[in-house]
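# Architecture and fold: a report
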Amino acid sequence: MLHNMRQLIMELVSSTTGALGVIFLGIMVFISIFALIANPIDFGTKLWNNPSAWADNPKNVPPMWTKYFNSSNKSDHIILESDGPDMIRSTSKWTEEIHTFTVQHESHIVPSFTSFSVGDVTFHDRPPIFTTSILRPDGRMIDLYRYAVPGQHSNGDPIRKYQDVAFRVHLTGDPNVSTNVATFFDAEFGISFIDSPSPIKIEEIIFGTPKSSDNADFDTLRGTYTINIAVRLYEGKDTVGNVKFVLGGTQFGLMGTDSIGRDLARGLLFGFPIALGIGVITSVIATMIGTTIGIASGYIGGTTDILIQRLCDILSNIPLLPILMFLAFILGQKLWIVILILILFGWPGMTILIRSMVLHMRSGQLIEATESMGASRWRVMFRHIFPQVAPFVLAQMIFFTPAAILAEAGLSFLGLGDPSIPTWGQILDQGFRTGAIYVGFWWWVLPPGLLIVATALAFVLIALGMERIVDPRLRTIRQ
């Protein structure tokens, strides 16, 4: 058995198409293993469908590598996270921890947003107070934001806040920040935004200088910005676990982001094991069922053959996609239901093909000699007939794999896939639902479509490479 398998693999990789298919499949298997190791099993529910997990990411921005093909200047996405205070100042009443971040801003494009977040806060009596300020390259200081953690007296017991979900505020849309920035510009440049006819973007003010005193146009102020976050604590046992400041970019990651800031690269990566799992599980089980029933139908014959063939005729003539859509509405959008339906309607075609081959083999000398020696039906079917059809079965199983992947992708594209698990079809569906294709967000639509096609192509190449294994006459023709 191992010797035959080794010969099959050598024959497969000896052809160009087969070798390419094996290489592509090997790459996909490696990526799938990496995706399962790098992400939790509940990635879909825990991260992908959790908007707070992507709150620090920019929305609807292209991949970072697009800056090398786009002449317009881009702004990098910067996440500043403190490992601990850079300076501590103490008095008899309080202790102030100062977290300092330095950013070199050389782009002509200002950040798309700014946000401040804090997590894992523990205090005993008075709640901590956070103050955020920015020192600009021109030496001017802007007091951006002040926040006091809500709390009450605890009678000595510690109060814990933001243990699971950090407190986050987008400074861009905060009215207090707008007031502070407007006050700063009125005091420093004599410009008031109270009567401004159009809304002013906070980032343009923070990272810019006015072109003149009578309009609201700005030039980007490039140079070194120092961001200071001061945390005032009133007890020695009070602690702050995490302080973060984000400067939103106009590009992100390897594959950009969607409308809620999800890293599309991670979603596409997690789609590899899902796609291969659907294809392999469905094709293997459906092929095993179809082969077993097909051999039994062709060899046993009689009433058994008639019943099996009529059942195959019924299932083969039922349209698969409407059934999948109907059951998705009735039973719920679960991945295991999709796999079960694909298996249920996938085996009849294999049964019909195998039966026709077995009918021809049944009258052969090998089968007649085996029967004359008293071999049982099961021994004849699985020791003498199955090895003869095995190469064809393997080729059909490989062909069926991309069909199962495409069926799931089509169902997900129609919005009937499992919403708890990110798949390539779902990413495509969400892109079309939000109009990504119409507004030019190509990174949301093109990569998942190409991955579906590439996966199907890999299995097709392997199946083409197995032609000489299925039909040995092709070996002499090509030689």
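Everything discussed here concerns the structure shown above.
Residues numbered from 1 in each chain as written. Predicted model: local features only at pLDDT ≥ 70, side-chain atom pairs only at ≥ 80, totals over all residues. Heavy atoms only, no water.

Tallying secondary structure elements over the chain gives 17 helices and 12 strands in all. Within the span of the chain, comprising 479 residues, buried residues form 44% of the whole. Considering only contacts in the chain between residues 6 or more positions apart, those separated by 24 or more positions represent 75%. Summed over its atoms, the accessible surface of the chain is roughly 24200 Å², and 61% of this surface lies on carbon and sulfur atoms. (Helix = DSSP H or I, 4+ residues; strand = E, 2+ residues; numbered from the N terminus. Buried < 20%, exposed > 50% of the residue type's maximum accessible area, 1.4 Å probe, protein only. Contact = heavy atoms within 4.5 Å. Areas by Shrake-Rupley, 256 points an atom, 1.4 Å probe, with all protein chains shown as cover.)

What follows deals with the pairing of strand E11 (residues 223-233). Counting buried residues along E11, nine of its 11 residues qualify, which places the element largely inside the surrounding structure. In this structure, strand E3 (residues 95-105) lies alongside E11, joined through 11 bridges in antiparallel fashion. Note on E11: the bridge partner recorded for Val103 is Tyr225. (Pairing = 2+ DSSP bridges.)

With that settled, consider empty space enclosed by the protein. Following the criterion strictly, the structure yields two cavities of 30 Å³ or more and no others. Estimated volume of the largest cavity: approximately 50 Å³. In this structure, the largest cavity is lined by Gly271, Ile274, Ala275, Ile405, Glu408, Ala409, Thr423, Trp424, Gly425 and Ile452. Contributions of two or more residues to the lining of the largest cavity are made by helix H6 (264-300), helix H12 (377-413) and helix H13 (424-433). Estimated volume of the second largest cavity: approximately 40 Å³. Lining the second largest cavity are Leu324, Leu327, Ala328, Gly332, Gln333, Lys334, Ile337, Val338, Ile341 and Leu411. Of all elements in the fold, only helix H8 (320-331) and helix H9 (335-344) reach the threshold of two or more residues within the lining of the second largest cavity. Across the lining of the second largest cavity, the residue classes tally to seven nonpolar, two polar and one charged. (1 Å grid on protein atoms, 1.4 Å probe; cavity = no way out; pocket = protein on both sides within 12 Å on 5 of 7 lines; lining within 4 Å. Points joined across faces, edges and corners; volume = space filled by probe spheres on them. Nonpolar A, V, L, I, M, F, W, Y, C, P; charged D, E, K, R; others polar.)

You can see Ser75 is positioned in the loop between helix H3 (43-48) and strand E1 (78-81). Once residues lying within four places of it in the same chain are set aside, the contact partners of Ser75 are Ser107, Ile109, Val110, Pro111, Gly248, Gly249, Thr250 and Gln251.

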